[in-house]
Amino acid sequence: MPELPEVESVRRQLDPELSARRIVDAWADPIPSMPREFHRVEMLAGRQISHVGRRGKFLIAPLDEGLELIMHLGMTGQLTFGNQSDPYVRARLVLDDGRALSFRDVRRFGRMAVVEAGRYESIPTLARLGPEPLSDEFDPGDFAGALAKTTAPIKPFLLTQRPVAGVGNIYADEVLWIARINPRSRRIGRCRAFVLHAAIRKVLAGAVEREGTTFRDFVTVTGESGRNASHLVAYGRVGTPCPRCATPLKKIVLGGRGTTYCPRCQR
DNA sequence: CTAACTACCTGAACGC
DNA sequence: TGCGTTCAGGTAGTTA
């Protein structure tokens, strides 16, 4: 479940390895039921990578010829260097230094696509992506305004990536616990929106420092686990006492997703 | 336009 | 032991 901190950890390791490298060969093994899994990856052969950037959970690598490589890790996607035989490697890029970057993805929710730079119509979530939470673009007033405009429950709304980029199921539970907001709440006032804004910044920045959360599948490019899991307060801790009020944390399904929160201090 | 729902995928965990 | 069911969740697509 790579979210912004996990993807940023991958980006930081990938960028120095891929910057200015040329791709000499590209291979992908899409399945007919998921035709967009590796869209136009064959176009990568011969292209040079400028650098590896990121928007939300999307890795964006500008190429020559006005193209961009977009990568999304989905649920179980991993990017590692190596040529080892592995049934879950779905795509592989051979670089001009002889190394191979492998895209390994057990559940096949990950994606790679080559697009004209900045043309994201074929990737709707990226086309409508909210501001980067750790940049100045993430403005408290704008965020409060966005929350005031929707009638959807706050947690599913955060997961749309529209009010802010990069928050997934784990960090949504964490930030709502810190801000003391019930995940089902449909009305977030200006004051609470500011508190939530600050919580998003704090939680994501801390998780980036610790190279992300490894709950099941996430590993960095070098195969290491993130160190943030022991810092989680809400996610995955159903039944344990709330650190604030000792009430056992409760788990519900909201928007089809498991949601853990404190029924007492998140009203 | 938004909100709400389901499909996609597959190993792990669970129940009998 | 073995088989069937449920769960995990980011995004795309459809429906109301």
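Quick caveat, the model's predicted, so the values are computed rather than measured. (Residues numbered from 1 in each chain as written. Chains lettered and ligands numbered in written order. Predicted model: local features only at pLDDT ≥ 70, side-chain atom pairs only at ≥ 80, totals over all residues. Heavy atoms only, no water.)

### Details of the domain arrangement of chain A
Here is step 1 of the chain: In terms of domain boundaries, chain A breaks down into domain 1 (4–127) and domain 2 (140–261).
Here is step 2 of the chain: Of note, the centres of domain 1 and domain 2, computed from C-alpha atoms alone, are 27 Å apart.
Here is step 3 of the chain: Across the contact, 18 residues belong to domain 1 and 20 residues belong to domain 2.
Here is step 4 of the chain: Across the domain 1 to domain 2 interface the summed buried area is about 1600 Å²; carbon plus sulfur atoms make up 65%.
Here is step 5 of the chain: Ranking the residues of domain 1 by area buried against domain 2 places Pro-5, Glu-6 and Gln-13 at the top, with a combined share of 34%.
Here is step 6 of the chain: Between the two partners, domain 1 and domain 2, sit zero salt bridges.
Here is step 7 of the chain: Where domain 1 packs against domain 2, one counts seven residue pairs in polar contact (both at pLDDT 80 or more).
Here is step 8 of the chain: At the level of elements, helix H1 (4–18) and strand S6 (77–81) are the ones that each hand at least two residues to the side of domain 1 that touches domain 2.
Here is step 9 of the chain: No other element matches the nine residues that H1 contributes to the side of domain 1 that touches domain 2. (Domains from an automatic or database assignment. Contact = heavy atoms within 4.5 Å. Buried area = accessible area lost by both parts, 1.4 Å probe. Salt bridge = Lys/Arg side-chain N within 4 Å of Asp/Glu carboxyl O. Polar contact = N/O pair within 3.5 Å; in protein donor to acceptor, adjacent residues only side chain to side chain. Helix = DSSP H or I, 4+ residues; strand = E, 2+ residues; numbered from the N terminus.)

### As for the nonpolar core
Here is step 1 of the chain: Core analysis: the largest hydrophobic core is formed by 28 residues, its most contacted members being Leu-14, Leu-44, Leu-69, Leu-79 and Met-112.
Here is step 2 of the chain: Looking at this core, the elements with two or more residues in it are H1, strand S1 (23–28), strand S4 (58–62), strand S5 (67–72), strand S7 (89–95), strand S8 (100–105) and strand S9 (111–116).
Here is step 3 of the chain: Residue contacts for Leu-79: discarding those within four places in its chain leaves Val-10, Leu-14, Leu-59, Met-71, Leu-73, Leu-101, Ser-102, Phe-103, Thr-220 and Val-221.
Here is step 4 of the chain: In terms of nonpolar packing, the next biggest core, distinct from the first, is built from 27 residues, Tyr-171, Val-175, Ile-200 and Leu-204 among them. (Core = buried A, V, L, I, M, F, W, Y, C linked by side-chain atoms within 4.5 Å. Buried < 20%, exposed > 50% of the residue type's maximum accessible area, 1.4 Å probe, protein only.)

### Things to note about the pairing of S5
Here is step 1 of the chain: Of all six residues in S5, six are buried, a share of seventy percent or more.
Here is step 2 of the chain: Burial of the side chains of S5 extends over both faces: Leu-67, Leu-69 and Met-71 are buried on one face and Glu-68, Ile-70 and His-72 on the other.
Here is step 3 of the chain: Strand direction decides the pairing type here: S4 and S5, joined by five bridges, are antiparallel. Within S5, the residue paired with Pro-62 across the bridge is Glu-68.
Here is step 4 of the chain: Where S4 folds back on S5, the antiparallel hairpin that results is connected by four residues, among which Glu-65 adopts a positive phi of roughly 65 degrees.
Here is step 5 of the chain: Here six bridges tie S5 to S9, and the two strands are oriented antiparallel to one another. Looking across to S9, one finds that Glu-68 is bridged to Val-115. (Pairing = 2+ DSSP bridges.)

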